[in-house]
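# A look at the structure
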Protein chains: 2
Amino acid sequence: MTTDYAAQAEQMARRARLASRSVAVASTRQKNEALAAIADALANQAAAIKAENARDLDAAAKAGLSAAMVDRLTLTDKRIETMAAGLREIAAQDDPVGQVIEQSTRPNGLDLQRVRVPIGVIFIIFESRPNVTIDAAGLCLKSGNACILRGGKEAAFSNAALYRAIRSGLVAAGLPETAVQLVEAADHAFVGAMLKLDRWIDLVIPRGGERLIRAVVEQSTIPVIKHYKGVCHVYIDEFADPAMAAEIALNAKCQRPGVCNAMETLLVHQAQAGRPLADLLKAMAARGVQIRGCERTCAVFPDARPAAEADWEAEYLDLILAVRVVDNIEDAIEHIARYGSAHTDAIVTADPRRAEEFVRRVDSSSVMVNASTRFSDGGEYGLGAEVGISTDKLHARGPMGIRDLTTYKYVVRGNGQVRT
Amino acid sequence: MTTDYAAQAEQMARRARLASRSVAVASTRQKNEALAAIADALANQAAAIKAENARDLDAAAKAGLSAAMVDRLTLTDKRIETMAAGLREIAAQDDPVGQVIEQSTRPNGLDLQRVRVPIGVIFIIFESRPNVTIDAAGLCLKSGNACILRGGKEAAFSNAALYRAIRSGLVAAGLPETAVQLVEAADHAFVGAMLKLDRWIDLVIPRGGERLIRAVVEQSTIPVIKHYKGVCHVYIDEFADPAMAAEIALNAKCQRPGVCNAMETLLVHQAQAGRPLADLLKAMAARGVQIRGCERTCAVFPDARPAAEADWEAEYLDLILAVRVVDNIEDAIEHIARYGSAHTDAIVTADPRRAEEFVRRVDSSSVMVNASTRFSDGGEYGLGAEVGISTDKLHARGPMGIRDLTTYKYVVRGNGQVRT
């Protein structure tokens, strides 16, 4: 059985590698045609897609999945239209492939360029939301990559239906069908076998919970870019404008609590820990936020539950907020270094030197001054559609757009130069 | 024993992480002072370094290592001066840390910057040549990283002596001693334990043979950038100038055969496979190169030995050359895709369309047109001192200079913006 998986996985990976060589040199027009054709196919096949989605929803109901989970799985006409619109937006983006990043003429006359090229073959592993199937395929295609997609088993029928739309779009545009492949086997062993094929696959992007990501990182010999958790902080500095601080903190926690760039821990300079903090926490509570605070927080806001160590590390993805009063900015920075996930951290302050110290010392993919952590997002950064937010440091950090699905090569043009 | 290693490795890694937070914000001046101080220490401690080196050379002789190996291990006054000079050159390079890579003002008024920052903690595993200890430490320091170095056991005493020079330089400049640490344990289990510490170490760079690199890739949960082999090609196209082709081919094979960017396989368009090829191979043979050729090569140059499959895959690092006659450029590109290591591949041609097709389709870290593969080098590219040549596609590809030892973070400055 294991041998079967290894052979099947290798066959899939080799096909992807072969397809990638065509996609890498496909013209911008051909890639955009494919994206438009897939968008059309989604519209044309919407009824079939919803029928297949209904099979997943049935199974989800029988399996007793939560209402939130079922909602994430559901494909409505609106959501199908949004997927199609997303593909058209990707088509409208500039093509990163072939861009000259740098050029110089060397002393010996050699013309040296660093040119953007596709990464090659990308293996994307994700859970739950079926629209990732379309988003990921679109981004990989536009950036000239072949991809292998493996969605959550709860969305198996939906993903298969979406994949049929993808395939018809590829064929219509004259691109290899294997430019996008879907892993249908639910077995972890198949994914495990795939993760060893660094000869054919250039990058793995796991999107999902901690357990999935750890499992991928431990098994993979292929480079991995992780979209890990977001334990994001807002630090209200000694010199913060209290009104601005409150607005930012409320926005960062409450505007969309279930996403990775929502604030999970509020740090407050002791000078701001009196009335301003009490008012802020009242406003939080009024929006349904449960407060878990350090001793000084509980003293100011008795409705707070005492925080434990686990609260500083927690990514709640919910209307729960950990709050800690700190003596100074150094302690705030120290707390973030110790408990943060290097995702997004913000300071609210009117003092430029405090702002710059925070910016310099906080080692996160995004550091904000006087802005909500919720801006840590590909669309907000002007990167266009986003594959996800990398919490890694290598290759791509923060929101990953299509440019991050490329690498570069050096191109040297001479007229016979040799090394002496 | 294993538990001891795990604990020791973690302690070392945590110290590196702590030190990295200081090195990351060290001023350019302080870092340059450290580099100068280490260079001075090398000069002052030269006698002691050579004495320790002699102990390694003794052991090498007793162990029966080859003359070439012993030569690689030997530290002469000249080589010590070269190491020191290398550090002074690194000090003279621009500091990449803090550079603003991109800046934009978003529609909502947010100021967005992508800023260069150190990667953090880098674990470098290398074999044989002790000067890598100094080069690697210097490059990591200047780029604001802490590093953990693990050299070859044949150079254990030498590396320890060089490390003492490094440490005195760090102390003199007021940087943490643990900004550079040396792994002295020869046991693979220690390295294996270190490779799991992705919580504290951000990057592993293994430099050495295939076996070392595979072992690292398989065990590591930390991102790896590999410096793998160089199976480099020169393709003499139908429209090549034969004199230019010969000069480039001879240079690429013979100028320094033992390095990764030396040509290993020569591909020749059938139209160039008559007299020009025979003359070229005679010239190669006159320089001591052993030719291993396909049938058509052997027909033209009977002194050639028939090539086997293994010859197309071989990295000889010696005066041996595999030669294959191809029907057309597509077959040349196909051969490179199949047998190459994506390091450096060159075409010699006077036809711009052939040149561009080769450049477009060959997926290597460096692609040359009418220039020797020997130019694939950090110094030649103007990148300054080189950590090595990455054969990977992610983060850094081709020659890695100090800029490649950095990553970036997003810095967002607002005046109270929140997401709606």
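As the structure is a computational prediction, the values presented were derived from the model and not from experiment. What you see as residue numbers is a count from 1 along each chain, following the sequence as written. Note on labels: chains are lettered from A, ligands numbered from 1, in written order. Local features in this predicted model are restricted to residues whose pLDDT is 70 or higher, and side-chain atom pairs enter the listing and the counts only when it is 80 or higher, whereas totals over whole chains, interfaces and linings include all residues. Side-chain numbers here rest on the full set of heavy atoms in the structure, without hydrogens or water.

## A short note on the relation of the copies chain A and chain B
What sets the superposition is a least-squares fit of C-alpha atoms, and only residues with pLDDT of at least 70 in both copies go into it. Note on the copies: chain A fits chain B at an RMSD of 0.1 Å, the axial shift is 0.0 Å, and the rotation between them is 180°. Viewed as a symmetry operation, the transformation between the two copies matches a two-fold axis. For chain A, the minimum C-alpha distance to the rotation axis belongs to His395 of chain A and amounts to 1.9 Å.

## Comments concerning the sheet that holds strand E3 (residues 121-126) of chain A
Residues and elements named next belong to chain A. At least two bridges found by DSSP between two strands are what make those strands a pair. Helical segments are the DSSP runs of H or I of at least four residues, strand segments are the runs of E of at least two, and each set is numbered from the N terminus. The strand order E5-E4-E3-E6 describes an open sheet built from four strands, whose pairing is parallel. Each edge of the sheet is formed by a strand with only one pairing partner; in this case those strands are strand E5 (180-182) and strand E6 (203-207). Taking each pair of neighbouring strands and ignoring which way they run, the sheet shows an average axis angle of 15°. Whether two residues are in contact is decided by their heavy atoms: any pair within 4.5 Å suffices. Lines fitted to the C-alpha atoms define the axes, with helices restricted to the stretch that makes contact. Angles between their N-to-C directions range from 0 to 180 degrees. Packing of helix H7 (residues 156-173) onto the sheet brings it into contact with E3 and E5, and relative to E5 it is tilted by some 160°. Where helix H9 (residues 210-219) meets the sheet, it contacts E3 and E6, and its direction lies at approximately 160° from that of E6.

## Focus: the side chain of His335 of chain B
All names here are of chain B. Its place among the elements puts His335 in helix H14 (residues 329-339). Exposure remark for His335: the relative accessible area of 4% places this residue in the buried category. Here a polar contact is recorded for every N or O atom pair within 3.5 Å, except that within protein the pair must consist of a potential hydrogen donor and a potential acceptor, and residues adjacent in sequence are included only if both atoms are side-chain atoms. Looking at His335, its side chain comes within polar contact range of the side chain of Arg324, at 2.8 Å. Sequence-distant contacts of His335, defined by excluding residues within four places in its chain, comprise His233, Thr265, Leu267, Trp312, Arg324 and Gly340. When accessible area is computed with a 1.4 Å probe and restricted to protein chains, residues below 20% of their type maximum are described as buried, those above 50% as exposed, and intermediate ones as partly exposed.

## Details of the interface of chain A and chain B
Counting residues at the interface gives 75 residues for chain A, matched by 73 residues for chain B. Accessible area that two parts lose when put together, with a 1.4 Å probe and added across both, is what the buried area reports. When chain A packs against chain B, the two sides together hide about 6,300 Å² of surface, and 47% of this comes from carbon and sulfur. Together, Leu394, Tyr410 and Arg419 of chain A form the three largest contributors to the area buried by chain A at its contact with chain B, with a combined 13%. Salt bridges are counted wherever a side-chain nitrogen of Lys or Arg sits within 4 Å of a carboxyl oxygen of Asp or Glu. For the pair chain A and chain B, the interface holds 13 salt bridges. The salt bridge partner of Arg403 of chain B is Glu102 of chain A, with a shortest N-O separation of 2.9 Å. Taken together, the connections running from chain A to chain B amount to 47 residue pairs in polar contact (both at pLDDT 80 or more). Broken down by secondary-structure element, the contributors of at least two residues to the side of chain A that touches chain B are helix H1 (2-24), strand E2 (111-118), H9, helix H10 (242-254), helix H14 (329-339), helix H15 (352-361), strand E13 (366-371) and strand E16 (406-417) of chain A. For the side of chain A that touches chain B, the element with the most residues is E16 of chain A, which contributes eleven residues. The residue makeup of the side of chain A that touches chain B, split by class, is 30 nonpolar, 21 polar and 24 charged. Only Asp, Glu, Lys and Arg are considered charged, only Ala, Val, Leu, Ile, Met, Phe, Trp, Tyr, Cys and Pro nonpolar, and every remaining residue, Gly among them, polar.

## Points about the environment of Arg397 of chain B
Tracing the backbone shows Arg397 of chain B in the loop between strand E14 (388-390) and strand E15 (398-400). What Arg397 of chain B contacts, discounting residues up to four positions off in sequence, is Val117, Thr407, Tyr408, Lys409 and Tyr410 of chain A together with Asp363, Ser364, Ser365, Ser390 and Asp392 of chain B. Polar side-chain contacts of Arg397 of chain B include one of 3.0 Å to the side chain of Asp363 of chain B.

## Observations concerning the nonpolar core
Leu42, Leu141, Leu149, Leu266, Met284 and Ile291 of chain B are the most contacted members of the largest nonpolar core, which has 96 residues in total. Per-element accounting of this core gives the leading share, eight residues, to helix H7 (residues 156-173) of chain B. Those residues in contact with Leu149 of chain B that sit more than four places away from it in its chain are Ile124, Phe126, Thr133, Ala136, Ala137, Val180, Gln181, Leu182 and Val183 of chain B. Residues belong to one nonpolar core when they are buried, are Ala, Val, Leu, Ile, Met, Phe, Trp, Tyr or Cys, and are joined through side-chain atoms within 4.5 Å. Counting 95 residues, the second largest nonpolar core, distinct from the first, contains Leu75, Ile291, Met368 and Leu383 of chain A.

## Section: the pairing of strand E13 (residues 366-371) of chain B
Burial of E13 of chain B is extensive: six of the six residues sit out of reach of the surface. Of the pairings in the sheet, the one linking E16 of chain A to E13 of chain B comprises five bridges and is parallel in character. Its bridge partner being in E13 of chain B, Arg413 of chain A is matched across the sheet by Val369 of chain B. By the bridge criterion, four bridges tie strand E12 (residues 344-348) of chain B to E13 of chain B in an arrangement that is parallel.

## Focus on the pairing of strand E16 (residues 406-417) of chain B
All names here are of chain B. Where burial is concerned, most of E16 is hidden: ten out of the twelve residues are buried. Direction of pairing for strand E2 (residues 111-118) relative to E16: antiparallel, over a ladder of eight bridges. Across the sheet, the residue bridging to Arg114 is Tyr410, located in E16.

## Points about the sheet that holds E16 of chain A
Note: strands within a sheet are paired through backbone hydrogen bonds, in either parallel or antiparallel orientation. Strands sit in the order E1(A)-E2(A)-E16(A)-E13(B)-E12(B)-E7(B)-E8(B)-E11(B)-E9(B)-E10(B) across an open sheet of ten strands; the sheet is mixed. Of all the strands in the sheet, just strand E1 (100-105) of chain A together with strand E10 (305-306) of chain B have a single pairing partner and so form its edges. Pairing of E1 of chain A with E2 of chain A, which is carried by five bridges, proceeds in the antiparallel orientation. Looking at the pairing, Val100 of chain A lines up with Val115 of chain A of E2 of chain A.

## Section: the packing of aromatic side chains
Residues and elements named next belong to chain A. Note on ring pairs: Phe, Tyr and Trp rings are taken, using the six-membered ring of Trp, and paired if centres are within 6.5 Å. Classes follow the plane angle, with under 30 degrees stacked, over 60 edge-to-face and the rest tilted. Within the structure shown, the criterion is met by eight aromatic pairs over all chains. When the centroid spacing of 5.7 Å and the interplanar angle of 85° are considered together, the rings of Tyr5 and Phe190 count as edge-to-face. Of this pair, Tyr5 sits in helix H1 while Phe190 sits in helix H8 (residues 188-194); the two residues are 185 residues apart in sequence, bridging distant segments of the chain. For Phe190, a relative accessible area of 4% translates into the label buried.

## Notes on empty space enclosed by the protein
Unoccupied space between atoms shows up once a probe the size of one water molecule is rolled over them. A pocket here means an open set of points on a 1 Å grid, computed over the protein atoms alone, that has protein on both sides within 12 Å along at least five of seven lines. A cavity is instead a set of points where a 1.4 Å probe fits but cannot get out; residues with an atom within 4 Å of a point line either one. Grid points are joined across faces, edges and corners, and a volume is the space filled by probe spheres set on the points. According to the stated counting rule, one finds two cavities of 30 Å³ or more in the structure shown. The space that makes up the largest cavity amounts to roughly 330 Å³. As for the largest cavity, its lining consists of 22 residues, and the residues nearest its centre are Pro223 and Val224 of chain A together with Ile222, Pro223 and Val224 of chain B. Residues of the lining of the largest cavity, tallied by class, amount to twelve nonpolar, six polar and four charged. Of the volumes computed, that of the second largest cavity is approximately 30 Å³. Taken together, Arg106, Leu110, Leu112 and Val412 of chain A together with Phe375, Glu380 and Tyr381 of chain B make up the lining of the second largest cavity. Along the lines of polarity and charge, the residues of the lining of the second largest cavity split into five nonpolar, no polar and two charged.

## A few points about H10 of chain A
Expected span of a helix, by definition, is 1.5 Å for each gap between consecutive residues, and there is one gap fewer than residues. The end-to-end C-alpha distance of H10 of chain A, which contains 13 residues, comes to 18 Å, matching closely the 18 Å that a straight helix rising 1.5 Å per residue would cover. Looking only at H10 of chain A, the buried set comprises Met244, Ala245, Ile248, Ala249, Leu250, Asn251, Ala252, Lys253 and Cys254 of chain A.

## Concerning the pattern of salt bridges
What the rule picks out here adds up to 63 salt bridges over all chains. Ionic pairing is found between Asp202 of chain B and Lys393 of chain A, a salt bridge with its closest N-O pair at 3.5 Å. On the criterion of chain membership, the pair formed by Asp202 of chain B in the loop between helix H8 (188-194) and strand E6 (203-207) and Lys393 of chain A in the loop between strand E14 (388-390) and strand E15 (398-400) is interchain, its members lying in two chains. With respect to burial, Asp202 of chain B and Lys393 of chain A carry one shared label: buried. Taken together, the salt bridges that share partners define one network made up of Arg17 and Asp202 of chain A together with Asp363, Lys393 and Arg397 of chain B.

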